[in-house]
Amino acid sequence: MFAAFRVLDAEVLHRYLEKLNGTDWQHDIGRDVIPAMLAAREHIRGHEVSGHWEDIGTVERYHRAHLTLAAAGPRAALPVERMPRTIRPEVDRGWVADACGVVASLVPADLVDEGRVEHSVLFPGVRVGAGARVRRSVVLPGAGDPPRSGHRLAVVLENGHVQRVEDTAAIMEGTRT
């Protein structure tokens, strides 16, 4: 898989988009525009990015990337202490193996948990009410209290909307339920 940040000159990009207009191109910069630029001998430079990099451009990839981090725990490619803290950066986060109703999950220090959290990633400000169960899900801040039935295989947005995803258990040995 090729994943990258791309910085393109707007005039050059527009010129190639115009050339591709009306053809059977796939509307993909990497498959259409860059090969056309290379064929025309445009000057293209690259910069290697070191460290953890993952394409999270779809809900499924976002879910899978977060659950991969939770499954790896302390062995994660991106250790919890190096994760970006764009949401409530003052709140510590940590990986919990098995304690106080939390199993193999990344959780914030301010988590209010009266239910059960398993193999999930929860953001600051999340509350899991009495009897609720969150399994293999990513719960964003402000998502509200899950119903008693809980969430399974979902990304729960700030407004409480639940986006179900395909089962990603195959990438997380030992977490299939």
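Residues numbered from 1 in each chain as written. Predicted model: local features only at pLDDT ≥ 70, side-chain atom pairs only at ≥ 80, totals over all residues. Heavy atoms only, no water.

(A) Just the overall build of the protein, in detail. Check the secondary structure of the protein and you find three helices and 11 strands. Along the protein, from the amino end to the carboxyl end, the secondary structure elements read α-α-α-β-β-β-β-β-β-β-β-β-β-β. When burial is assessed residue by residue, the protein has 36% of its 177 residues classed as buried. Relative to all contacts within the protein whose residues are 6 or more apart in sequence, the contacts with residues 24 or more apart total 27%. Approximately 11,000 Å² of the protein is accessible, and the part contributed by carbon and sulfur atoms is 52%. (Helix = DSSP H or I, 4+ residues; strand = E, 2+ residues; numbered from the N terminus. Buried < 20%, exposed > 50% of the residue type's maximum accessible area, 1.4 Å probe, protein only. Contact = heavy atoms within 4.5 Å. Areas by Shrake-Rupley, 256 points an atom, 1.4 Å probe, with all protein chains shown as cover.)

(B) The pairing of strand β2 (residues 102–108), seen in detail. Counting buried residues along β2, seven of its seven residues qualify, which places the element largely inside the surrounding structure. Pairing of strand β1 (residues 93–99) with β2 involves six bridges; the strand directions are antiparallel. When the sheet's bridge partners are listed, Val96 is paired in β2 with Ser105. Adjacent in sequence and paired antiparallel, β1 and β2 are bridged by two residues, among which Cys100 carries a positive phi angle near 50 degrees. Pairing geometry for β2 and strand β4 (residues 116–118), over two bridges, is parallel. Looking across to β4, one finds that Val102 is bridged to Val117. (Pairing = 2+ DSSP bridges.)

(C) Structural detail: the pattern of salt bridges. Tallying each qualifying case throughout the model produces eight salt bridges. Here Asp92 ties to Arg85 by a salt bridge, and the two come within 3.3 Å at their closest N and O atoms. The exposure class assigned to Arg85 is partly exposed, which follows from its relative accessible area of 27%. Across the pair Asp110 and Arg88 runs a salt bridge whose closest N-O atoms are separated by 2.9 Å. (Salt bridge = Lys/Arg side-chain N within 4 Å of Asp/Glu carboxyl O.)

(D) Fine view of the packing of helix α1 (residues 10–20) against helix α2 (residues 29–39). Where α1 contacts α2, the axes come no closer than 10 Å and their chain directions differ by 105 degrees. Judged on the interaxial angle alone, α2 and α1 are roughly perpendicular. Seen from α1, the contacting residues are Val12, Leu13, Tyr16, Leu17 and Leu20; seen from α2, they are Ile29, Asp32, Val33, Ala36 and Met37. Its residues placed into classes, the contact of α1 with α2 shows nine nonpolar, no polar and one charged. (Axes fitted to C-alpha atoms, helices over the stretch in contact; angles between N-to-C directions. Parallel < 35°, antiparallel > 145°, perpendicular 65-115°, else oblique. Nonpolar A, V, L, I, M, F, W, Y, C, P; charged D, E, K, R; others polar.)

(E) Representation of α1 within the structure. Looking only at α1, the buried set comprises Val12, Tyr16 and Leu20. One face of α1 carries all of its buried residues, which in axial projection span an arc of 70 degrees. Counted as exposed and oriented over 90 degrees from the buried face of α1: Ala10 and Glu11. Buried positions along α1 lie against α2. One side-chain oxygen at the N-terminal end of α1 lies 2.9 Å from the backbone nitrogen of Glu11; it belongs to Asp9. Gly22, located one to two residues past α1, shows a positive phi value of around 90 degrees. (Arc of directions from axis to C-beta. Polar contact = N/O pair within 3.5 Å; in protein donor to acceptor, adjacent residues only side chain to side chain.)

(F) Local environment of unusual backbone geometry. Of note in this structure, Cys100 is not a glycine but carries a positive phi near 50 degrees. Judged by relative accessible area, Cys100 falls into the exposed class, the value being 75%. With a phi close to 45 degrees, Arg136 is a non-glycine residue in the positive phi region.

(G) Structural detail: the nonpolar core. Among the nonpolar cores identified, the biggest contains 14 residues, and Leu69, Met83, Leu106, Val121, Phe123 and Val138 are the most heavily contacted of them. The dominant element in this core, judged by the number of residues it contributes, is helix α3 (residues 59–72), at four residues. For Met83, the residues in contact, after removing those within four places along its chain, are Leu69, Leu78 and Leu106. Listed in part, the 13 residues of the second largest apolar core include Val107, Val117, Val126 and Val128. (Core = buried A, V, L, I, M, F, W, Y, C linked by side-chain atoms within 4.5 Å.)

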